[in-house]
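This is what each chain is made of:
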There are 4 protein chains.
Amino acid sequence: MSPRRRDSESTAAARAERRAGLLATAAEVFASRGYAATTVREVADAAGILGGSLYYHFDSKESMVDEILSTFLTDMWAAYDRVLGSGLGARETFQELVTESFRMIDRHRPAVVIYQNESKHLAANPRFGYLQESQRRFRETWLAVLDRGVLDGEFRADLDTGLIYRFIRDTVWLAAGWYRGDGPLSAEEIARQYIAMVLEGILST
Amino acid sequence: MSPRRRDSESTAAARAERRAGLLATAAEVFASRGYAATTVREVADAAGILGGSLYYHFDSKESMVDEILSTFLTDMWAAYDRVLGSGLGARETFQELVTESFRMIDRHRPAVVIYQNESKHLAANPRFGYLQESQRRFRETWLAVLDRGVLDGEFRADLDTGLIYRFIRDTVWLAAGWYRGDGPLSAEEIARQYIAMVLEGILST
Amino acid sequence: MSPRRRDSESTAAARAERRAGLLATAAEVFASRGYAATTVREVADAAGILGGSLYYHFDSKESMVDEILSTFLTDMWAAYDRVLGSGLGARETFQELVTESFRMIDRHRPAVVIYQNESKHLAANPRFGYLQESQRRFRETWLAVLDRGVLDGEFRADLDTGLIYRFIRDTVWLAAGWYRGDGPLSAEEIARQYIAMVLEGILST
Amino acid sequence: MSPRRRDSESTAAARAERRAGLLATAAEVFASRGYAATTVREVADAAGILGGSLYYHFDSKESMVDEILSTFLTDMWAAYDRVLGSGLGARETFQELVTESFRMIDRHRPAVVIYQNESKHLAANPRFGYLQESQRRFRETWLAVLDRGVLDGEFRADLDTGLIYRFIRDTVWLAAGWYRGDGPLSAEEIARQYIAMVLEGILST
DNA sequence: CATGAATGAGTGTTCATTCAT
DNA sequence: AATGAATGAACACTCATTCAT
């Protein structure tokens, strides 16, 4: 490795690190104020620079959310695919997917909040076509798990799986709105309680 | 009734009807595009008038959401209070509250969507202080039902009621995002399935 | 006089009276809030009718000021012409013109205030060409009186009459800004004090 | 002085200079068109930039007049206080205050015009409370000078000082409406003539 | 005569974005 | 990398004016 190469690598790495830091800041602000309601200046203020300076790092405000959301979704699908590829039964797959979802909230909380609040509006933009694609796949995945569970006799036969899917999807991601990483409950603990509720119900037996 | 009174009544009624119609239009647009992202001109376009004309009927964009949300909340609390005052046990109260919630979604769908998406940001404005108050009361009400159910032995003793409350709150209102009054499922049918899931779980027994 | 004519006369008279009443109201509002800053609705509110209703009586907001100002100026020039045609000397003419000016303030206070505050801006509009014409004649008249007074030896020979004219013009009309018809001083009393100051100075002798 | 300090000083100075230049332009436009009737775009046009660009330098149209007027008043009171603190008699104080006033017109002509035309309306806004305070002090100052002059026997005993004060106030500031710095008369020359008129009258002796 | 609803041009202001330095 | 000044389109809102009733 020549010093020259060393330099260009370290500057490229430094640049990537700066981008990531700025994106983390932006995600936090977008999540708390809402993407549309957040001004570029607010993001810049939070990062300690001037509004115009952000444009050295990013093409536009839109490209910031874009990167935030796609990073999160890539990570999420990697985790989901790991679960789906491990040959578990419906019930165990259910448990693992829920658990991974809460872990995602733990790791990407601002991104999940943005995803939950803004993806419906953003999806109208062709640039964010992958959001619709991801939602389609998400639905497909969950329905398959639920349907197989019914078929295998693990889940109740009278379930409207389309309906149950919607309830699950909504609750899982909305937890990002109130989850605090520093609170008393770990992501795994929350997942356990949630799984217990959905699998066994809240009635005493 | 003199003709005079008749006239003033009918014009007052006509005015109220026009307001209500415009508010319904505004609610629809706010719900689908988001309050902040919706321009006054878009609302006016949807109503078939010009932007400025809305200001003959309303003071501001803000006063429109205000009226939309407070009308919904007033109606909702009337229904909730009817249930809470009828002396039912925890489990039946739970069922009735959930059912009423889905009926609200049926009757006030756009308002519920707005409430769900925007109330966090709007609540920062003193004018919308009633949103925080309503949320506080909502939480109090549901926690009381859940806690009593645990105490009475109707609900499982190991529930983290604070956590369950959050899950219920999220799912119930988020259903407004996908519910269609003209779809195959009535509000009562959706409520029944939801109640079954939460009370008994999705496992086969 | 036929009853027919009587009717049309009385309605014409009633209409003229209504106009005059509305104009008096408008003048008051224009004077206190400023012409540009006053909305048509404010004038209508003060008159106890709705904004649009004013347009039954007047073509436009502009035509209201127009009528207010031209009525005042017509009255003023009639009084000035009476003085100028009575063959008085420079000093007595001076005294009489000042006295008439203060009487004008007494009778047309709101109009004078509007004239003072707005005529400079209105004069740019061709419709108000008579304002410039009136100002020209006003200057001519006063300069003639001052110059004759100097020539006749009644006024000091070292006066810059152009300068003195401006001072007089400004003070005389500006008095409309603070004069109250119901205050302790009559228009004639104020005129006397003003004349004494300008003619003899404020030094003790 | 390090280059660093040099830089930050020169940019801060450049910024202040730009502000001052824009304010001078704004004052000119406000004075000639009237504050309310002037649009922000007109100010910007006069400055050779676009409407929105003004908001990089100023918070609002209001904050521009605010700065214009308060700068003028601060300067004026500094000059007045210098005169009042120099232990002169009533007559000489009178002469010096008048002279300083005309010098103010010379230096702050547009600001004086705005002050004269708009302060009555602006004073209704709490932000401009200092206008009322300044007017109160102005009146107090002049009345004290006139009253002392009467007491000391320098001014005529039969003066209604309240009335004379109003005349003086009006004329002095209204001169800003016609004074041209490049005209034939200097501020001091105008002051001399004005003082002569008020002190000794215009009658020949 | 007056109302009530609407128009449409224009106002102050915001904000994502650009670019010379 | 970042600044600071500017752009220009868009926004919420205002208001003189119109007109059917």
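Residues numbered from 1 in each chain as written. Chains lettered and ligands numbered in written order. Predicted model: local features only at pLDDT ≥ 70, side-chain atom pairs only at ≥ 80, totals over all residues. Heavy atoms only, no water.

## Re the relation of the copies chain A and chain B
Relative to chain B, chain A is turned by 179 degrees and slid 0.0 Å along the rotation axis, the superposed coordinates differing by an RMSD of 0.2 Å. Taken together, the rotation and translation describe the operation of a two-fold axis. Closest to the rotation axis within chain A is the C-alpha of A:Gly201, separated from it by 1.7 Å. A shared interface surface links the copies, since 98% of the contact residues of chain A are contact residues in chain B too. (Least-squares fit on C-alpha atoms with pLDDT ≥ 70 in both. Contact = heavy atoms within 4.5 Å.)

## Some words on the side chain of B:Thr171
Of note, B:Thr171 is situated in helix H7 (residues 161–174). Classification of B:Thr171 by relative accessible area gives buried; the value is 3%. (Helix = DSSP H or I, 4+ residues; strand = E, 2+ residues; numbered from the N terminus. Buried < 20%, exposed > 50% of the residue type's maximum accessible area, 1.4 Å probe, protein only.)

## Observations regarding the interface of chain C and chain D
Taken together, the contact between chain C and chain D spans 42 residues of the former and 42 residues of the latter. Both faces considered, chain C and chain D share a buried interface measuring about 3,900 Å² in area, 65% of it formed by carbon and sulfur atoms. Summed over the shared surface of chain C and chain D, the number is two salt bridges. The residue D:Glu200 makes a salt bridge to C:Arg156 at a minimum N-O spacing of 3.4 Å. On inspection of chain C and its partner chain D, the count reaches eight residue pairs in polar contact (both at pLDDT 80 or more). Breaking the side of chain C that touches chain D down by element, the ones donating at least two residues are helix H1 (3–33), helix H5 (90–107), helix H6 (109–122), helix H8 (161–174) and helix H9 (187–200) of chain C. Classifying every residue of the side of chain C that touches chain D by side-chain character gives 22 nonpolar, nine polar and eleven charged. (Buried area = accessible area lost by both parts, 1.4 Å probe. Salt bridge = Lys/Arg side-chain N within 4 Å of Asp/Glu carboxyl O. Polar contact = N/O pair within 3.5 Å; in protein donor to acceptor, adjacent residues only side chain to side chain. Nonpolar A, V, L, I, M, F, W, Y, C, P; charged D, E, K, R; others polar.)

## Focus on the protein's contact with DNA strand E
Taken together, the neighbourhood of DNA strand E is formed by 30 residues, with A:Val40, A:Tyr55, B:Tyr56, B:His57 and D:Tyr55 sitting nearest. Counted by atom, the contact set of DNA strand E within 4 Å of the protein is 72% sugar and phosphate. Interatomic distance of 2.9 Å between a side-chain N/O atom of B:Ser53 and a phosphate oxygen of DNA strand E. Contact between DNA strand E and D:Lys61: a phosphate oxygen at 2.8 Å from a main-chain N or O atom of the residue. Contributions of two or more residues to the surface near DNA strand E are made by helix H1 (3–33) and helix H3 (54–57) of chain B, helix H3 (54–57) of chain C together with helix H2 (40–47) of chain D. (Near = heavy atom within 4 Å.)

## What about the interface of chain A and chain B?
Counting residues at the interface gives 42 residues for chain A and 42 residues for chain B. Carbon and sulfur atoms make up 65% of the area that chain A and chain B hide from each other, which totals about 3,900 Å². Within the residue set of the side of chain A that touches chain B, elements represented by two or more residues are helix H1 (3–33), helix H5 (90–122), helix H7 (161–174) and helix H8 (187–200) of chain A. Taken together, the residues that form the side of chain A that touches chain B break down as 22 nonpolar, nine polar and eleven charged.

## Describing the protein's contact with DNA strand F
In the neighbourhood of DNA strand F, 31 residues make up the surrounding shell, with A:Ser53, B:Tyr55, C:Val40, D:Tyr56 and D:His57 lying closest. D:Leu50 is positioned with one of its backbone polar atoms (N or O) 2.8 Å from a phosphate oxygen of DNA strand F. Secondary-structure elements contributing two or more residues to the surface near DNA strand F are H1 and helix H3 (54–57) of chain A together with helix H1 (3–33) and helix H3 (54–57) of chain D. Looking at the surface near DNA strand F, its residues break down into ten nonpolar, 14 polar and seven charged.

## Section: the pattern of salt bridges
For the coordinates displayed, the defined rule picks out 66 salt bridges over all chains. Here C:Arg127 ties to C:Glu62 by a salt bridge, and the two come within 3.1 Å at their closest N and O atoms. With C:Arg127 in the loop between H6 and helix H7 (129–151) and C:Glu62 in helix H4 (residues 61–84), the pair connects residues that are 65 residues apart, well separated along the chain. Residue C:Arg127 is classed as partly exposed on the basis of its relative accessible area of 35%. Among the charged side chains, a network of salt bridges with common partners joins A:Glu62, A:Asp66 and A:Arg127.

## What about the arrangement of the chains?
The two units chain B and chain C remain apart, with a minimum C-alpha distance of 12 Å. Regarding chain B and chain D, which are not in contact, the minimum distance between any of their C-alpha atoms is 20 Å.

## Comments concerning the confidence of the model for chain A
With 95% of its residues at a pLDDT of 70 or more, chain A has an overall mean of 91. When mean pLDDT is taken per element in chain A, helix H4 (residues 61–84) of chain A scores highest with 97 and H1(A) scores lowest with 83. (pLDDT = per-residue confidence, 0-100.)

## A closer look at the domain arrangement of chain A
Residues and elements named next belong to chain A. In terms of domain boundaries, chain A breaks down into domain 1 (1–58) and domain 2 (60–205). Of note, the centres of domain 1 and domain 2, computed from C-alpha atoms alone, are 28 Å apart. In this complex, domain 1 contributes 15 residues to the contact, which on the side of domain 2 involves 14 residues. In this assembly, domain 1 packs against domain 2 so that about 1,400 Å² is buried in total across both faces, 71% of it on carbon and sulfur atoms. Inspection of the domain 1/domain 2 interface yields two salt bridges. Ionic pairing is found between Glu 28 and Arg 109, a salt bridge with its closest N-O pair at 3.9 Å. Here domain 1 is connected to domain 2 by five residue pairs in polar contact (both at pLDDT 80 or more). Among the secondary structure elements, those contributing two or more residues to the side of domain 1 that touches domain 2 are H1 and H3. (Domains from an automatic or database assignment.)

## As for the packing of H8(A) against helix H8 (residues 187–200) of chain B
Look at H8(A) against H8(B): their axes get within 5 Å of each other, and the N-to-C directions meet at 115 degrees. Packed against H8(A), whose contacting residues are A:Met197, A:Val198, A:Leu199 and A:Glu200, the element H8(B) presents B:Met197, B:Val198, B:Leu199 and B:Glu200 at the interface. Of the residues in the contact of H8(A) with H8(B), the class split is six nonpolar, no polar and two charged. (Axes fitted to C-alpha atoms, helices over the stretch in contact; angles between N-to-C directions.)

## Topic: the UniProt feature "DNA-binding region" (unreviewed entry) in chain A
The UniProt record annotates "DNA-binding region" (unreviewed entry) at residues 39–58 of chain A. Within residues 39–58 of chain A, the helical portion is 60% and the strand portion 0%, while the C-alpha atoms at the span's ends are 15 Å from each other. (UniProt positions renumbered as here; feature names shortened; annotations may be inferred.)

## Here's the deal with the environment of B:Ser186
Residues and elements named next belong to chain B. Position of Ser 186 relative to the elements: it lies in the loop between H7 and H8. Sequence separation between Ser 186 and Phe 102 is 84 residues; the distance between their C-alpha atoms is 9.1 Å. Among the polar contacts made by the side chain of Ser 186, one reaches the main-chain amide nitrogen of Glu 189 at a distance of 3.1 Å.

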